[in-house]
Amino acid sequence: QVQLVESGGGLVQAGGSLTLSCAASGSIFSINAMGWYRQAPGKQRELVAIITGGSSTSYADSVKGRFTISRDNAKNTVNLQMNSLKPDDTAVYYCYAAIQITRTTKTRGFWGQGTQVTVSS
């Protein structure tokens with residue numbers, strides 16, 4: 001059983017900062033990519049940022065220069081530092097991890113339960 005547990009969401013004023021954290025636990029052999037997605041009301045879920053096992057990163061254009069993704073491979077955690085937040089960043093943020101449960105199983109994706117981020121103007 002694999003679980004991804006997020007924390008750090010909340011309400012913040014425009015221009016403020018928040019840090020989201022996600023910890024993976026359970027039966028894990030290895031974790032490849034980890035990332036954050038978000039879904040605003042009435043919109044599709046979109047990629048915010050992703051980080052590979054080798055720590056290469058990629059960001060959505062809308063958050064480049066404002067958000068920073070990082071991971072701790074020893075702790076199986078991924079963080080998202082969000083600065084200069086805008087009302088358009090309001091969404092439920094979901095943690096994602098591509099996990100191999102055993103040495104012989106295929107890597108597959110797992111999701112956290114989501115954490116609400118609300119940015120007021």
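Everything here concerns the structure above.
> I tried to follow the side chain of T115 on my own but got confused; where do I start?
For T115, the location among the structural elements is in strand β11 (residues 115-120). Polar contacts involving the side chain of T115 include one to the main-chain amide nitrogen of G9, which spans 3.4 Å. Not counting residues within four places of it along the chain, the set of residues in contact with T115 comprises E6, G9, L20, A91, V92 and Y93.

> What is the right way to read the pairing of strand β8 (residues 77-82) from this model?
Put simply, side chains in a regular strand alternate between the two faces of the sheet. Where strand β3 (residues 18-26) meets β8, six bridges bridge the pair, whose relative direction is antiparallel. Along β8, the bridge assignment pairs S21 with N79. Inspection of the sheet shows strand β7 (residues 67-72) paired to β8 by six bridges, in the antiparallel sense. Pairing of D72 across the sheet is with T77, part of β8. What sits between β7 and β8 in their antiparallel hairpin is a turn of four residues, with N76 showing a positive phi close to 55°.

Rules and cut-offs
Throughout, residues of each chain are indexed from 1 in the direction in which the sequence is written. Local features in a predicted model are, by the rule used here, given only for residues with pLDDT of at least 70; side-chain atom pairs are given and counted only at 80 or more, and totals for whole chains, interfaces and linings are based on all residues. Based on all heavy atoms of the structure, the side-chain values leave hydrogens and waters out of the count. Strands here are runs of E lasting at least two residues and helices are runs of H or I lasting at least four, both read from the DSSP assignment and numbered beginning at the N terminus. The term polar contact refers here to a pair of N or O atoms within 3.5 Å; inside protein, the definition further demands a hydrogen-donor-capable atom paired with an acceptor-capable atom, and it admits residues adjacent in sequence only when both atoms are side-chain atoms. The contact rule is simple, with two residues in contact once any of their heavy atoms fall within 4.5 Å. Two strands pair under a simple rule: DSSP has to find at least two bridges between them.

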